[in-house]
Amino acid sequence: MKPYVFITRKLPDEAVEKLRAKYDVKMWEKEDVGVPRSILLEEAGRADALLTMLSDQIDEELLSAGTRLKVVTNLAVGYDNVDVEAATKHGIAICNTPDVLTAATADLTFALLMATARRIVEGAEFIKAGQWKSWSPLLLAGHDIHHKTIGIVGMGGIGSAVAKRATGFEMEILYHNRSRKNDVEMELGATYCSFEQLIERSDFVVCLTPLTEETKNLFTRDVFRRMKKTAIFINASRGPVVNEEDLYAALVDGDIAAAGLDVFAKEPIDQTHPLLGLSNVVAIPHIGSATVETRLNMIQLCLDNIDAILSGKEPKTLVNKEWNK
Ligand code: 8YV
């Protein structure tokens with residue numbers, strides 16, 4: 001009997017074809033709805049490997065149901081949906097997709113920053129609604145990007161790639177991170193500062209931290225009040241890093257100028273969410289790494305990780321190095 005691999009979303013058939021030669025592969029086929037928890041638990045109970053998404057909760061209940069389970073590989077660099085400690089305890093390898101998505105996510109973060117600062121979405125809606133009747137000097141005037149100060153909270157791979165893009169715009173680069181990063185300081189001229197200094201001095205505050213106990217609810221009303229009134233807040237990391245009620249109040253009361261958001265506390269966000277009603281918010285549906293090229297590379301990396309673990313080899317991108325100790 002071939003080992004059984006369950007994939008929790010539909011992936012392109014061509015991508016999984018090679019895996020099918022060695023393994024019994026099943027995918028959740030419905031594109032409009034994610035795999036229900038009860039089915040995920042059942043599948044975990046019979047699978048040797050799971051390929052999962054951020055929206056799948058890989059917790060103690062699921063991991064202990066996975067009596068044959070050897071590897072869970074998340075189609076994401078983040079793994080805040082996974083109880084890594086429990087997986088290690090159960091001897092299950094956890095893998096993710098770092099590096100392959102860094103450039104695409106940095107591109108999107110910069111695109112979101114630019115779209116928010118230069119009011120691209122408002123402009124597109126304006127022209128399509130037939131509202132462009134005459135030209136005026138301050139029509140849809142946004143804010144400069146070049147030569148402004150960008151403050152990056154979370155200087156990991158994606159943060160560094162955003163900083164690199166910022167150098168092309170001749171921006172001053174500030175960053176805050178758990179540890180100092182010599183390479184971004186030496187090569188990109190970035191300046192390390194405290195979180196407080198960063199939020200007070202930046203024209204663009206860009207959040208790229210992973211979601212952890214320390215970063216949950218990091219951006220509160222108090223933080224927004226300390227930012228410049230002209231500041232633009234960009235979040236391309238995780239929704240729960242921000243208190244959304246506080247962000248809404250800050251945007252309505254003019255504590256900050258605008259926000260560009262790729263991530264939300266609850267995803268998919270409800271269409272009636274107050275943030276979506278604000279013209280100074282650019283909201284997009286968690287598409288940081290969503291390019292055809294990058295998604296195919298992420299999928300391939302997940303499949304390579306599964307094949308490695310099930311063949312007794314070292315996976316390329318293992319999260320819990322202690323899983324088989
Ligand atoms: C996900 C992400 O890949 O990698 C991450 O951590 O947030 C995204 O790029 C995407 O949401 C699919 O799960």
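Residues numbered from 1 in each chain as written. Predicted model: local features only at pLDDT ≥ 70, side-chain atom pairs only at ≥ 80, totals over all residues.

1. Overview of the overall build of the chain
For the record, the criterion: Where helices and strands are cited, they refer to DSSP runs of H or I of at least four residues and of E of at least two residues respectively, numbered from the N terminus. Values of the radius of gyration come from C-alpha atoms, whereas the globule rule sets the reference at 2.2 Å times the count of residues to the power 0.38. The burial criterion counts other C-beta atoms lying within 10 Å of a residue's C-beta, which is placed from the backbone; the residue is buried at 20 or more, exposed at 12 or fewer, and partly exposed between these limits. Remark: residues whose backbone-derived C-beta atoms lie within 7 Å of one another are considered to be in contact.
When you go through the chain residue by residue, the secondary structure sums to twelve helices and twelve strands. Taken against the 2.2 N^0.38 rule, which gives 20 Å for 325 residues, the C-alpha radius of gyration of the chain at 21 Å falls within 12% of a compact globule. Taken over the C-alpha atoms alone, the chain extends approximately 70 × 50 × 30 Å along its principal axes. A total of 325 residues make up the chain; the buried ones form 40% of that total. Long-range contacts, defined here as pairs at least 24 residues apart, represent 63% of the contacts in the chain between residues at least 6 apart.

2. Considering the packing of helix α1 (residues 13–22) against helix α12 (residues 292–310)
Applicable threshold: What counts as an axis is a line fitted to C-alpha atoms, over the stretch in contact for a helix, and the angles between N-to-C directions run from 0 to 180 degrees. In this scheme, roughly parallel covers angles under 35 degrees and roughly antiparallel covers those over 145, while 65 to 115 is roughly perpendicular and the rest are oblique.
Relative to each other, α1 and α12 sit at 10°, their axes nearing to 10 Å. Relative to α12, α1 is oriented roughly parallel. Counted together, A15, V16 and L19 of α1 and L296, I299, Q300, L303 and D307 of α12 form the full contact between these two elements.

3. Observations regarding the packing of helix α5 (residues 102–117) against helix α7 (residues 157–168)
The description of two helices packed together rests on the angle between their axes and the distance between the axes. Quick reminder of the rule: Left-handed is the label given to a crossing in which the near helix is rotated counterclockwise from the far helix by less than a right angle, and right-handed is the label when the rotation is clockwise. Note on residue categories: nonpolar means Ala, Val, Leu, Ile, Met, Phe, Trp, Tyr, Cys or Pro, charged means Asp, Glu, Lys or Arg, and polar means any other residue, Gly included.
Direction vectors running N to C along α5 and α7 enclose 55°, while the axes themselves pass 8 Å from each other. Regarding the angle of α5 to α7, the classification is oblique. Seen from above, α5 lies across α7 with right-handed handedness. Touching T102, A103, T105, A106, T109 and F110 of α5 are G157, I158, A161, V162 and R165, all from α7. A class-by-class count of the residues in the contact of α5 with α7 yields six nonpolar, four polar and one charged.

4. A closer look at the pairing of strand β2 (residues 24–27)
This is how it is decided: Strand pairing requires that DSSP identify at least two bridges connecting the strands. The path from the first strand over the helix to the second decides the hand: if it runs clockwise while the strands point away from the viewer, the crossover is right-handed.
Sheet analysis places strand β1 (residues 4–7) next to β2, joined by four bridges and oriented parallel. From the neighbouring strand, V5 faces β2, where its bridge partner is V25. Once the chain exits β1 it traverses α1 before rejoining the sheet at β2, and the crossover so formed is right-handed.

5. Here we look at the site of the ligand
Rules: As used in this record, a residue near a molecule or strand is one whose C-beta atom, placed from the backbone, is within 6 Å of it.
The immediate surroundings of the ligand are formed by M53, L54, L75, A76, V77, G78, L101, H286, G288 and S289. The residue inventory of the shell around the ligand, partitioned by class, reads six nonpolar, four polar and no charged.

6. Side note on α12
Our working definition: Multiply 1.5 Å by the residue count of a helix minus one, and that product is the helix's expected span.
The first and last C-alpha atoms of α12 sit 27 Å apart over 19 residues, in line with the 27 Å expected at 1.5 Å per residue. Restricting attention to buried positions, one finds in α12 the residues T294, M298, I299, L301, C302, L303, N305, I306, I309 and L310. Elements that come into contact with the buried residues of α12 comprise β1, α1, β3 (49–52), β4 (71–74), β5 (93–95) and α5. Looking one or two residues beyond α12, the residue adopting positive phi is G312, at roughly 75°.

7. Let's talk about the UniProt feature "domain: D-isomer specific 2-hydroxyacid dehydrogenase catalytic" (unreviewed entry) in the chain
Quick note on the threshold: UniProt positions are given in the numbering used here, feature names are shortened, and annotations may be inferred rather than shown by experiment.
Those places that UniProt annotates as "domain: D-isomer specific 2-hydroxyacid dehydrogenase catalytic" (unreviewed entry) correspond, in this numbering, to residues 5–320. Between the first and last C-alpha atoms of residues 5–320 the distance is 20 Å; the span itself is 37% helix and 14% strand.

8. A short note on the sheet that holds β1
Across the sheet, five strands lie side by side as β2-β1-β3-β4-β5; this open sheet has parallel pairing. Either end of the sheet is taken by a strand with one partner, and the two such strands are β2 and β5. Shown here is a sheet whose adjacent strand axes are inclined to one another by a mean of 15°, direction ignored.

9. A word on the sheet that holds strand β6 (residues 149–153)
Read across the sheet, seven strands follow the order β8-β7-β6-β9-β10-β11-β12 without closing on themselves; strand pairing throughout is parallel. Each edge of the open sheet carries a strand with a single partner, namely β8 (191–192) and β12 (281–283). In the sheet, strand β11 (residues 258–261) pairs with β12 via three bridges, with the strands oriented parallel. Along β12, the bridge assignment pairs L261 with A283.

10. Regarding the UniProt feature "domain: D-isomer specific 2-hydroxyacid dehydrogenase NAD-binding" (unreviewed entry) in the chain
This chain's UniProt record puts "domain: D-isomer specific 2-hydroxyacid dehydrogenase NAD-binding" (unreviewed entry) on residues 110–288. A helix fraction of 33% and a strand fraction of 15% characterise residues 110–288, whose end C-alpha atoms lie 10 Å from each other.

11. A short note on unusual backbone geometry
With an omega dihedral of -5°, the bond running from E267 to P268 counts as a cis peptide bond. Note that P268 resides in the loop between β11 and β12. At E170, a position not held by glycine, the phi torsion is positive, near 50°. With respect to the secondary-structure elements, E170 resides in the loop between α7 and β7 (172–176). Residue classification places E170 among the exposed residues on the basis of 10 C-beta atoms within 10 Å.

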